[in-house]
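# Overview (structure and organization)
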Amino acid sequence: MAQKPPSSSSSDAHYVDIPEVSHGSGERASSNMINNNPQEETKTKPKPNSVLFQEMNQGRDEATGNTSFSRQVSLETAFSRLKTDKGSDLRTLPRSGTSFAGFERGRRKADFSIFRTKSTISKQSSFLPLKKGDKVMIDHVDQLKRDDGSDEAKDDSVNSSVPAGRYFAALSGPELDQVKDHTDILLPMDEKWPFLLRFPIGCFGMCLGLSSQAILWLALATSPATKFLHITPYINLGLWFLALVILILVSTTYALKCIFYFEAVKREYFHPVRVNFFFAPWIICMFLVIGAPPRLAPIIIHPVTFVSFMAPIVFLELKIYGQWLSGGKRRLSKVANPSSHLSVVGNFVGAILASKVGWDEAAKFFWAVGFAHYLVVFVTLYQRLPTSEVLPKELHPVYSMFIAAPSAASIAWGSIYGEFDGLSRTCYFIALFLYISLVVRLNFFWGFRFSVAWWSYTFPMTTASLATIKYAEEVPSPVSKGLAVILSFMSSTMVSVLLVSTLLHAFVWRTLFPNDLAIAITKRKQGKERRKTAVKSFDIKRWTKHSPLSIKTSIAAKG
């Protein structure tokens, strides 16, 4: 089929067509790229660049018989495609959830294996080029290194830890689970990921809320302050078994994630918010031991139970508290967030279990460690330091974590010394004031996207209810008993609402486990994100240069 001559243009204009995969049509396409005929130039009026580009694409498609590539691409994508086509191989653009989501022809299929558990040999071979037919598919790291012209692309490997500051720079929200604009990720956003990659460690919050409810209903059924309610102990029995079943299911699922996608688990461990949820499984186990039904629980708890559940918490504390103390990149003023109270609560719950085992000195030790770190975390968050970027201006259910530590401290102190004395009441009153300060601003809690991690924010309300019941036992009065009933009702209502919402998102709307974008961020800023930061820093420098203070300083220097 004869090819139509191309439209004329000015003699100084050179138009380059972007070739496709086939190499046979390269000579025919290149022969029509440049038109230097001065006679046709005088007869024909130059056309706009967009029209010429469309005509060249149309002539190319007619010559090659390819008509499937009809999407418009940006100028940045076109030049990237042109630059990578200098060789004989097809090289794809970087995987990104924002930049190239609509570029279907040249985009590489999502490679979820980058988060799989890898041995040393597989980690070294993961950077080799992959072959698909006769085409060589270059890995994402090699593509970034070619575009940037440096070795910084090696830092995007999922095998290395992501700095804490990178999470604050790339993510937003009180839970750091939302990707900011112009932030590239390693996996596509418009494709559904495997279930294990979408299963976050925050799912242990469901067990945390239900197990604490089992303790609450046990206290309502056995406490002298709430005997007038005539609560049946079977509610405690049902909640305890429900919490145990869900704990087994969640633990099994997350254990499979550790086996098959250990690189994703490492990303969650380095996450400033989610690292605190690694305390949750062991706190849940201690909750189940403390709130076990009287028909099933032994009279004396064996010390091995306490050691088995408290040893992992001590190991995590030595690691995390050591980072807070050393003052490195993960210092407390940098990574502090309301979820940090979860690591502190483990000490108070362990102190309660140690007192039930009979180890009073161990209980006092863990209470002292927990209270010291609670004061540090509370003061750091209360000051809202400039480095604590995770705290939003609007209220969020995560703020209920402020109630958990003082409530648990008051219960633990009363369990150790056998009475709800002055120090227990001091901690309880602190928790009660924080509780009231959040309740009066309840309207600010609306409008947030539901998350499984919200379950973790129900147990602080339950802990405050338990502390109120203990206070009503020591100070029996209609006010204290009524307050205990009201707080218990609010806590149970919140758990019921979350249970219904979870069932609806899981089985009706099927949105309970969206893509976990927080684990797929790159280690360093790439592409548009890096340029946006550079422009922002340039604007700051320009503002300081033209600020009134700099003008006055320059005038004074000249004078």
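Bear in mind that the values here come from a model prediction, so they are computed numbers and not experimental data. (Residues numbered from 1 in each chain as written. Predicted model: local features only at pLDDT ≥ 70, side-chain atom pairs only at ≥ 80, totals over all residues. Heavy atoms only, no water.)

So, on to the overall build of the protein chain. In terms of helices and strands, the protein chain carries 21 helices and 4 strands. Buried residues in the protein chain amount to 47% of all 559 residues. Long-range contacts, defined here as pairs at least 24 residues apart, represent 80% of the contacts in the protein chain between residues at least 6 apart. Within the structure as shown, the protein chain displays about 28600 Å² of accessible surface, and the carbon and sulfur contribution to it stands at 63%. (Helix = DSSP H or I, 4+ residues; strand = E, 2+ residues; numbered from the N terminus. Buried < 20%, exposed > 50% of the residue type's maximum accessible area, 1.4 Å probe, protein only. Contact = heavy atoms within 4.5 Å. Areas by Shrake-Rupley, 256 points an atom, 1.4 Å probe, with all protein chains shown as cover.)

This next bit is on the confidence of the model for the protein chain. For the protein chain, per-residue confidence averages 76 on the pLDDT scale, and 64% of positions sit at 70 or higher. Low pLDDT, under 50, characterises residues 123–142; the predicted model gives this stretch 35 contacts beyond four residues in sequence or across chains. (pLDDT = per-residue confidence, 0-100.)

Okay, the state of the cysteines next. In the structure shown here, the tally under the stated rule is 0 disulfides. Counting only cysteine sulfurs, C207 is the nearest neighbor of C203, a cysteine outside any disulfide, at a range of 8.7 Å. (Disulfide = S-S within 2.5 Å.)

What follows deals with the environment of A351. In this fold, A351 is placed in helix α14 (residues 341–357). Given the relative accessible area of 0%, A351 is considered buried. Measuring from C-alpha to C-alpha, the distance between A351 and W413 comes to 8.3 Å, with 62 residues separating the pair along the chain. Leaving out residues up to four positions away in the same chain, A351 has contacts with A363, W367, A412 and I416.

Here the focus is the packing of aromatic side chains. Counted under the stated rule, the structure contains 27 aromatic pairs. With a centroid separation of 4.9 Å and an interplanar angle of 10°, the aromatic rings of W367 and F371 are classed as stacked. One end of the pair, W367, and the other, F371, are both in helix α15 (residues 360–383), 4 residues apart, so they sit about a helical turn from each other. You can call F371 partly exposed: its relative accessible area is 23%. (Phe/Tyr/Trp six-rings, centres within 6.5 Å; stacked < 30°, edge-to-face > 60°.)

Next up on the list: helix α18 (residues 459–474). The end-to-end C-alpha distance of α18, which contains 16 residues, comes to 23 Å, matching closely the 22 Å that a straight helix rising 1.5 Å per residue would cover. A large share of α18 lies buried, amounting to 13 of its 16 residues. (Expected span 1.5 Å × (residues − 1).)

Once that is clear, we can look at the environment of P233. For P233, the location among the structural elements is in the loop between α8 (204–222) and α9 (234–260). Exposure remark for P233: the relative accessible area of 44% places this residue in the partly exposed category. In the structure, P233 is positioned 60 residues away from P293 in sequence and 7.8 Å away in space, judged by C-alpha atoms.

Before going further, it helps to spend a moment on the pattern of salt bridges. Enumeration over the complete set of coordinates arrives at 5 salt bridges. In this structure, the salt-bridge partner of K257 is E268, at a minimum N-O distance of 3.2 Å. Residue K257 is located in helix α9, and its partner E268 is located in helix α10 (residues 262–270); the two are separated by 11 residues in the primary sequence. Here K257 and E268 have matching classes, each one buried. D516 is the partner of R274 in a salt bridge, and the nearest nitrogen-oxygen pair spans 2.5 Å. Placement of the pair is R274 in the loop between α10 and α11 (280–290) and D516 in the loop between α19 (478–508) and α20 (528–545), with a sequence separation of 242 residues. You can call D516 buried: its relative accessible area is 6%. Salt bridges sharing partners connect three or more residues here, namely K257, E268, R274 and D516. (Salt bridge = Lys/Arg side-chain N within 4 Å of Asp/Glu carboxyl O.)

The next thing to look at is the side chain of T226. Among the secondary structure elements, T226 is positioned in the loop between α8 and α9. Note on T226: relative accessible area 2%, which makes it buried. Looking at T226, its side chain comes within polar contact range of the main-chain oxygen of L220, at 2.9 Å. Apart from residues no more than four positions distant in its own chain, T226 is found in contact with A219 and L220. (Polar contact = N/O pair within 3.5 Å; in protein donor to acceptor, adjacent residues only side chain to side chain.)

One turn of an α-helix holds 3.6 residues; hence residues three or four places apart share an orientation. The end-to-end C-alpha distance of helix α17 (residues 422–439) is 25 Å, a good match for the 26 Å that 18 residues give at a rise of 1.5 Å each. Inspection of α17 places S424, C427, Y428, A431, L432, L434, Y435, S437 and L438 among the buried residues, and these make up the whole buried set.

Ranked by size, the top nonpolar core spans 132 residues in total, and within it F115 and L197 carry the most contacts. Sequence-distant contacts of L197, that is, excluding residues within four places in its chain, are made with F112, F115, L187, K257, Y261, A264, D516 and I519. (Core = buried A, V, L, I, M, F, W, Y, C linked by side-chain atoms within 4.5 Å.)

One way to put it is that α8 packs onto α9 with a least axis distance of 8 Å and a crossing angle of 160°. Judged on the interaxial angle alone, α9 and α8 are roughly antiparallel. Helix-helix and strand crossings are classified by hand; for α8 and α9 the assignment is left-handed. Between α8, through F204, M206, C207, L210, S211, Q213, A214, W217 and L218, and α9, the contact on the second element is made entirely by I235, N236, L239, W240, L242, A243, I246, L247, V250, S251 and Y254. Grouping the amino acids of the contact of α8 with α9 by side-chain chemistry returns 16 nonpolar, 4 polar and no charged. (Axes fitted to C-alpha atoms, helices over the stretch in contact; angles between N-to-C directions. Parallel < 35°, antiparallel > 145°, perpendicular 65-115°, else oblique. Left-handed = near helix turned anticlockwise from the far one by under 90°. Nonpolar A, V, L, I, M, F, W, Y, C, P; charged D, E, K, R; others polar.)

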